[in-house]
Amino acid sequence: TSFAVERTNRQHTPQDSCNYSSSSKVVPLRRARLRKDVDTLRHILGIQKFDLGVICVDNQRIQQINSIYRKKNLPTDVLSFPFYEDLRPGKLPCPLHRDELNLGDIFLGVEFVMNQCREESLDLHGALTVVTAHGICHLLGYRHETEEEWTEMLQRESYILSEYNRLTGRHLEPLMKRCSQDR
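Parameters at a glance
- Residues numbered from 1 in each chain as written.
- Predicted model: local features only at pLDDT ≥ 70, side-chain atom pairs only at ≥ 80, totals over all residues.
- Heavy atoms only, no water.
- Helix = DSSP H or I, 4+ residues; strand = E, 2+ residues; numbered from the N terminus.
- Expected span 1.5 Å × (residues − 1).
- Buried < 20%, exposed > 50% of the residue type's maximum accessible area, 1.4 Å probe, protein only.
- Polar contact = N/O pair within 3.5 Å; in protein donor to acceptor, adjacent residues only side chain to side chain.
- Pairing = 2+ DSSP bridges.
- Salt bridge = Lys/Arg side-chain N within 4 Å of Asp/Glu carboxyl O.

### Looking at helix 5 (residues 147-168)
Its 22 residues give helix 5 an end-to-end C-alpha distance of 31 Å, which sits within 8% of 32 Å, the value for a rise of 1.5 Å per residue. For helix 5, the full list of buried residues reads W150, M153, L154, E157, I160, L161, E163, Y164 and N165. Immediately beyond the C-terminal end of helix 5, within one or two residues, lies G169, with a positive phi of roughly 80°.

### Here we look at the side chain of N59
Among the structural elements, N59 can be located in helix 2 (residues 59-70). Overall, the relative accessible area of 15% leaves N59 in the buried class. Among the polar contacts listed, one links the side chain of N59 to the backbone nitrogen of F112, at a separation of 3.1 Å.

### Side note on the pairing of strand 5 (residues 51-57)
Among the seven residues in strand 5, six count as buried, and that is most of the element. Relative to strand 7 (residues 102-109), strand 5 is paired through seven bridges, and the arrangement is parallel. Across the sheet, the residue bridging to C56 is L108, located in strand 7.

### Structural notes on the pattern of salt bridges
It is possible for side chains of opposite charge to pair when their charged atoms get near one another. Across all of its chains, the model carries four salt bridges by this definition. A salt bridge links D123 to R170; its shortest N-O distance comes to 3.2 Å. Taken as a pair, D123 in the loop between helix 3 (110-120) and helix 4 (124-139) and R170 in the loop between helix 5 and helix 6 (175-178) lie far apart in primary sequence, 47 residues in all. Taking the relative accessible area as the measure of exposure, D123 reaches 41% and is therefore partly exposed. Residues participating in the shared-partner salt-bridge network are R33, D123 and R170.

Below you can see the structure in the form of structure tokens.
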């Protein structure tokens, strides 16, 4: 798993964390914790041999990417860019070469998620784990353009998070339960 941080006003602290400055707000993010959570998600899905990128960005950057690729000029929580664009949900890719052991990239709108967490009194790291699980589902071919696709993706996210909760003792719920109206 590769992690990148895109932010010009980034401050590092010794505990492998980053603070994202956005106008008047600072978003503390522990990369080691997020990396561990992503590794747990990868284990649950059996995708440890595949690379995936997780890029943490602020509202301005996620809005720019959303505008370019989805024609939605708004910030959002997560955008996924699958390496295998025609992958059927539930099927793992069958790479022929080592350089095809890649699932794609996930852009996390950390500032957007932080604002949602503040409004709903949610834990930032838990929410980022849920959003990352959602993004990984997209990398694995899941979509939510139709009611049937939405149901299939919700079932997969529910399974992933129930396994995550069982392994970690946490109590995370799928993102799509809260955001079902935003397909």
